[in-house]
Amino acid sequence: MWQAEHVRGRLRELYPMRPVEILGMTTRGDQILDRPLSEVGGKGLFIKELEVAMHNGRADLAVHSMKDLPMEMPEGFVLAAISARENPCDAFVANRYAALDDLPAKAVVGTSSLRREATLRARYPQLTIRSLRGNLDTRLRKLDAGEYDAIILAAAGLLRLGLAARIKSVLSPEQSLPAPGQGVLGIEVPAARADLIALVAPLNDPDTAHCVRAERAFSRALGGSCQVPLAAYAVLEQGRLWLRAFVATPDGRQVLRGELRGAAEDDELVGGELAQMLRAQGADAILDELAAGR
């Protein structure tokens, strides 16, 4: 809802004479909270109902967290704008500890992400990793109730909801490489609505869009989904794109990493080439193992 209200506010600033209303909806991803996303269908669970509403004419556009948007856009819909990025990093949240390195052996850490789980298991094998689902309030409540010693969340969500004080430390990309699109909002519209595409175009941030396209191209080339522990994070340095990525086994025992630099306008090419570099390192074996286990 914060995301929808934020975009509504931006659109009202741009078009003060146009009414902009929010159609509140609950998706399957919001309803299924007792199992990890990787077990119940993945990222698409958060968008299907929204696309049906657009197809039926009840809604004109949908606002998504880019990291929750499937890598393949469904036929008839386009990603019309990619917002400027909020803090893309993961956040360490705890009540009794200041950082991951302070956690004792067997401390229970909650996360909803296979990417974060693989990172934690690789770097901190002495910790106990448990699934954590629900909205932000639910996750913080479970931490405060003592069900977890610490939880790992996207810093962007905490910052947007005014909960920066709950962050004990922000994990750098070197500690926990972000997910493709983390910290970024995307606006999806029906492909046939040229009027809407033009209306939301001012909300697009070109620099962020280049980075996100590279990240998503990498993920797409490796079949990226909630079932694949995968990270991809790009930045622009003096106009050049720098993409870092990894693919891993959920237990963190195998982590294949790589990085590649290229021209910003070659964003998707850079992402695809880095995916091929990791395939050359043996990523296919990891992907085949994950597919066999589903």
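Above this text you will find the structure in question.
The structure presented is a predicted model; accordingly, all values stated were derived computationally and were not measured.

Engineer: Describe the pairing of strand β9 (residues 230-237), and please don't skip the residues or the numbers.
Structural biologist: Along a regular strand, successive side chains alternate from one face of the sheet to the other. Relative to strand β10 (residues 240-248), β9 is paired through eight bridges, and the arrangement is antiparallel. Its bridge partner being in β10, E237 is matched across the sheet by R240. Linking β9 to β10, which pair antiparallel, is a turn of two residues; within it Q238 sits at a positive phi near 50 degrees.

Engineer: Now, about the pattern of salt bridges: what can you tell me, with residues and values included?
Structural biologist: Under the defined criterion, the tally for this structure stands at 15 salt bridges. A salt bridge links D144 to R166; the shortest N-O distance between them is 2.7 Å. Within this pair, whereas D144 is found in helix α6 (residues 136-144), its partner R166 is found in the loop between α7 (155-160) and β7 (169-171), the two being separated by 22 residues in sequence. Looking at D144, the relative accessible area reads 44%, which means it is partly exposed. R213 serves as the salt-bridge partner of D267, at 3.0 Å between the closest nitrogen and oxygen. Of this pair, D267 sits in helix α10 (residues 267-281) while R213 sits in helix α9 (residues 206-221), and the two are 54 residues apart along the sequence. Judged by its relative accessible area of 6%, D267 falls in the buried class. The partly exposed category is assigned to R213, whose relative accessible area is 32%. Taken together, the shared-partner salt bridges connect D60, R193 and D195 into one network.

Engineer: Would you mind going over the sheet that holds strand β4 (residues 108-111) in detail, with residue names and values included?
Structural biologist: Spatial ordering of the open sheet is given by β5-β4-β6-β3-β7, a layout of five strands whose pairing is mixed. Edge positions in the open sheet fall to β5 (128-131) and β7, since each of these has one partner strand only. Ignoring strand direction, the axes of neighbouring strands in this sheet form an average angle of 30 degrees. Bridge count between β4 and β5: four bridges; the pairing is parallel. Note on β5: the bridge partner recorded for V108 is T128. The strands touched by helix α5 (residues 114-123) are β3 (90-94), β4, β5 and β6 (150-154); relative to β6, the strand with the most contacts, the crossing angle is about 130 degrees.

Engineer: Hey, could you go over empty space enclosed by the protein for me, with residue numbers and the actual values?
Structural biologist: Under the defined criterion, the tally for this structure stands at two cavities of 30 Å³ or more. Forming the boundary of the largest cavity are H6, V7, R10, A81, I82, S83, L185, I187 and L203. When residues of the lining of the largest cavity are traced back to their parent elements, those giving at least two are α1 (2-14), β2 (77-82) and β8 (185-190). If you tally residues by element for the lining of the largest cavity, the top one is α1, at three residues. For the lining of the largest cavity, the per-class residue count stands at six nonpolar, two polar and one charged. Roughly 50 Å³ of internal volume is contained in the second largest cavity. Lining the second largest cavity are D90, L100, R116, T119, L120, R123, Y124, I152, L171, Q175 and S176.

Parameters and conventions
- Sequence order sets the numbering: in each chain, residues are counted from 1 along the sequence as written.
- Confidence filtering applies because this is a predicted model: local features only for residues at pLDDT of at least 70, side-chain atom pairs given and counted only at 80 or more, and all residues used for totals across whole chains, interfaces and linings.
- Only hydrogens and water are set aside when side-chain values are computed; all heavy atoms of the structure are taken into account.
- Two strands make a pair as long as DSSP finds a minimum of two bridges between them.
- Put simply, DSSP H or I for four residues or longer makes a helix, DSSP E for two residues or longer makes a strand, and each gets a number counted from the N terminus.
- Take a side-chain nitrogen of Lys or Arg and a carboxyl oxygen of Asp or Glu: if they are within 4 Å of each other, that pair is a salt bridge.
- Accessible area is worked out with a 1.4 Å probe on protein chains only. A residue is then buried under 20% of its type maximum, exposed over 50%, and partly exposed in between.
- Think of each axis as a best-fit line through the C-alpha atoms, taken over the contacting stretch in the case of a helix, with angles from 0 to 180 degrees between the N-to-C directions.
- Contacts are assigned to residue pairs that have any heavy atoms within 4.5 Å of one another.
- Note on definitions: the grid is 1 Å and covers protein atoms alone; a cavity is a set of points where a 1.4 Å probe fits but cannot get out; a pocket is an open set with protein on both sides within 12 Å along at least five of seven lines; lining residues have an atom within 4 Å of a point.
- Grid points are joined across faces, edges and corners, and a volume is the space filled by probe spheres set on the points.
- Residue type decides the class: Asp, Glu, Lys and Arg count as charged, Ala, Val, Leu, Ile, Met, Phe, Trp, Tyr, Cys and Pro as nonpolar, and the leftover types, Gly among them, as polar.

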